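A closer look at the structure
As a plain string of letters, each chain reads:
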Amino acid sequence: MLKPFTFSLFFPGLMPGGNGDFRVGSKAILYFSSNSRELISCLYNGLRNLPQFPLFHNTASFRSIFLKPMRSITVDHAQFRTMAPVLVNTKGDPNRYLLPEDKGFEEGLRFSVREIARTFLNMPDASIDFCPVDIRRKVVRHYNMHMQGFVGIFELSGPPEVLNLIYQVGLGVRRSQGFGMLELLQTTRYEKLPKGKEHIHV
């Protein structure tokens with residue numbers, strides 16, 4: 001079942017440790033994005049009522065929680081920067097992740113876009129075009145697997161409502177597991193989305 005959200009998590013004090021471990025430091029920054037006003041509202045209000053919670057052998061507390069207005073895409077072309085690696089897989093082999101230069105990448109990317117457009121916009125035939133600008137390969141260890149994706153800047157062309165949906169819920173697969181979140185860099189023109197279509201910044 002497709003989830004109507006994506007997120008990205010940053011550790012400003014991240015440092016390598018021994019034996020392949022990492023030291024994450026004492027601060028984390030979480031960005032959460034959704035096209036669902038109800039989900040955003042529930043999460044925002046829930047976090048505000050949860051000043052701290054246990055985390056492993058420590059206690060985590062929130063320094064600030066705020067809504068960050070998103071920009072609305074009104075044209076058929078937009079440039080994005082990744083806030084989390086984008087994963088694209090191939091039909092019939094869900095554990096094989098593709099890069100833009102790999103055979104089957106465009107088919108896999110368009111399939112994932114059609115699925116979210118069909119589910120959240122009732123647009124089963126939606127399609128987009130992908131153009132890399134400045135991207136690089138990024139390998140992430142996730143659920144004891146090494147998954148290759150890409151990070152950087154790229155452009156998408158397609159219907160504005162589909163581009164907005166990608167901006168709100170992410171691009172590619174495993175979006176609800178912290179992949180595929182995007183920052184909108186530029187379009188021909190833009191405006192703020194209606195209230196409720198926001199990022200949450202924690």
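Preceding this paragraph is the structure being described.
Residues numbered from 1 in each chain as written. Predicted model: local features only at pLDDT ≥ 70, side-chain atom pairs only at ≥ 80, totals over all residues. Heavy atoms only, no water.

Turning next to the overall build of the protein. Along the backbone of the protein there are three helices and 16 strands. Against the 2.2 N^0.38 benchmark of 17 Å for 202 residues, the protein shows a C-alpha radius of gyration of 17 Å, consistent with a compact globule. For the C-alpha atoms alone, the extent of the protein along its principal axes is close to 50 × 45 × 30 Å. Across the 202 residues in the protein, those meeting the buried criterion constitute 42%. Carbon and sulfur atoms provide 51% of the accessible area of the protein, an area that totals close to 11900 Å². (Helix = DSSP H or I, 4+ residues; strand = E, 2+ residues; numbered from the N terminus. Rg over C-alpha atoms; globule rule 2.2 N^0.38 Å. Buried < 20%, exposed > 50% of the residue type's maximum accessible area, 1.4 Å probe, protein only. Areas by Shrake-Rupley, 256 points an atom, 1.4 Å probe, with all protein chains shown as cover.)

Here the focus is the nonpolar core. Across soluble globular proteins, you tend to see nonpolar side chains buried next to one another. If you look at the biggest cluster of nonpolar residues, it comprises 28 residues, and the most contacted ones within it are F80, I128, F150, F154, L156, I166 and L171. Residue assignment for this core shows that the elements contributing at least two residues are β9 (77–82), α2 (105–121), β13 (145–157), α3 (160–169) and β14 (182–186). Here this core takes six residues from α3, the largest share from any one element. Excluding residues that lie within four positions of it along the chain, F154 makes contacts with A78, Q79, F80, T82, F130, C131, P132, V133, I135, L171 and L182. Judged by nonpolar contacts, the second largest core, of six residues, contains L87, Y97, V140 and F179. (Core = buried A, V, L, I, M, F, W, Y, C linked by side-chain atoms within 4.5 Å. Contact = heavy atoms within 4.5 Å.)

Within a beta sheet, neighbouring strands are joined by backbone hydrogen bonds and run either parallel or antiparallel to one another. On the basis of which strands lie adjacent, the open sheet formed by four strands has the order β12-β13-β9-β14 and antiparallel pairing. Each edge of the open sheet carries a strand with a single partner, namely β12 (129–142) and β14. Taking each pair of neighbouring strands and ignoring which way they run, the sheet shows an average axis angle of 35 degrees. Both β9 and β14 contribute to a ladder of four bridges, which runs antiparallel. Counterpart to F80 in the pairing with β14 is L184. (Pairing = 2+ DSSP bridges. Axes fitted to C-alpha atoms, helices over the stretch in contact; angles between N-to-C directions.)

So, about the packing of aromatic side chains. Per the stated rule, a full pass over the model turns up ten aromatic pairs. A ring pair is formed by F5 and F32, whose centres lie 5.2 Å apart and whose planes are at 25 degrees; its orientation type is stacked. Of the two residues, F5 sits in strand β1 (residues 5–10) while F32 sits in strand β4 (residues 29–34), which places them 27 residues apart along the sequence. Judged by its relative accessible area of 9%, F32 is buried. For the ring pair F53 and F62, a centre distance of 5.8 Å and an interplane angle of 40 degrees mean the geometry is tilted. With relative accessibility at 28%, the residue F53 sits in the partly exposed group. (Phe/Tyr/Trp six-rings, centres within 6.5 Å; stacked < 30°, edge-to-face > 60°.)

As a further point, take the side chain of S34. Of note, S34 is situated in strand β4. At 2.9 Å, the side chain of S34 and the backbone nitrogen of S36 are in polar contact. (Polar contact = N/O pair within 3.5 Å; in protein donor to acceptor, adjacent residues only side chain to side chain.)

Taken together, L9, F11, L14, F22 and V24 make up a surface patch of nonpolar side chains, about 450 Å² in accessible area. Looking at the element boundaries, L14 is found in the loop between β1 and β2 (15–16). (Patch = residues over 30% accessible without salt bridge, like charges linked within 9 Å, V, L, I, M, F, W, Y side chains within 5 Å. Salt bridge = Lys/Arg side-chain N within 4 Å of Asp/Glu carboxyl O.)

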